[in-house]
Amino acid sequence: MTWKSMPPAELCDIMDFWIAAPWPMSKDEAQQRAVERFGWTIEVENDTPYLMNTVSNFTTADVMTIDYKNVMMDLSLDTSDTIREVTSESTAFLGDAHTLMVREGEARWGKPKLEHFEETTTALWNVDGGAIVSFSFLPRGLSAEYETPQGAELERKSGDR
């Protein structure tokens, strides 16, 4: 079986793009910027626009975008294929890919905070502007999240960070 994962430099370039973006912005603005910068697409279902990373050609293409009162709070995406049947080989593949992603992130943003919960390992960085970047390993796949400065502040106020 052959699986794909995002090259670490590409993933960190995506996160650097969001770090440098002029926050706050609306969900529509963020989605349009992703289309223009990364070639991603927007698909509309039941009058709701969904951002899709069709460029990476992973098992799951949707990019979750969460807003509150029309202000973007969070953007998360898969950074590998979804593993249907977890094996020692697939776990090794994902573990190696995650390690390389975290190393690239560390080279750019410094040492991450590592969180472990059950089978999930997440590396988190507090980055310029008050945002949070995280890369997560799960046995079924890898993901990345960018919490906007507004989303990170809301999470800090709630006591989650």
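Heads up: these notes are all about the structure in this document. (Residues numbered from 1 in each chain as written. Predicted model: local features only at pLDDT ≥ 70, side-chain atom pairs only at ≥ 80, totals over all residues. Heavy atoms only, no water.)

### Structural notes on the side chain of S26
Link 1 in the chain: By the element assignment, S26 lies in the loop between α1 (8–20) and α2 (27–38).
Link 2 in the chain: Assessed through its relative accessible area of 12%, S26 is described here as buried. (Helix = DSSP H or I, 4+ residues; strand = E, 2+ residues; numbered from the N terminus. Buried < 20%, exposed > 50% of the residue type's maximum accessible area, 1.4 Å probe, protein only.)

### Comments concerning α1
Link 1 in the chain: With 13 residues, α1 extends 18 Å from end C-alpha to end C-alpha; this agrees with the ideal 18 Å at 1.5 Å per step.
Link 2 in the chain: Inspection of α1 places L11, C12, I14, M15, W18 and I19 among the buried residues, and these make up the whole buried set. The buried side chains of α1 occupy one side of the element, clustering within an arc of 150° when seen end-on. (Expected span 1.5 Å × (residues − 1). Arc of directions from axis to C-beta.)

### Quick look at the pairing of strand β6 (residues 120–126)
Link 1 in the chain: Relative to β6, strand β5 (residues 113–117) runs antiparallel, the two sharing five bridges. Counted as the bridge partner of L114 is A123 from β6.
Link 2 in the chain: Remark: two residues form the turn of the hairpin made by β5 and β6, two consecutive strands paired antiparallel; E118 in that turn has positive phi of roughly 50°.
Link 3 in the chain: As defined by bridge partners, β6 adjoins strand β7 (residues 132–138) across six bridges and the pair is classed as antiparallel. Within β7, the residue paired with A123 across the bridge is F135. (Pairing = 2+ DSSP bridges.)

### Focus: the sheet that holds strand β4 (residues 71–78)
Link 1 in the chain: The eight strands are arranged β1-β2-β3-β4-β8-β7-β6-β5 in an open sheet whose pairing can be described as antiparallel. Taken across any chain shown, the strands that pair with only one partner, and hence form the sheet edges, are β1 (41–45) and β5. Across the sheet, the mean angle from the axis of one strand to that of its neighbour is 25°, orientation sign disregarded.
Link 2 in the chain: Set on the sheet, α1 makes contact with β4, β7 and β8 (141–147); between it and β8 the angle comes to about 15°. (Axes fitted to C-alpha atoms, helices over the stretch in contact; angles between N-to-C directions. Contact = heavy atoms within 4.5 Å.)

These values are about where atoms sit, not about what they do.
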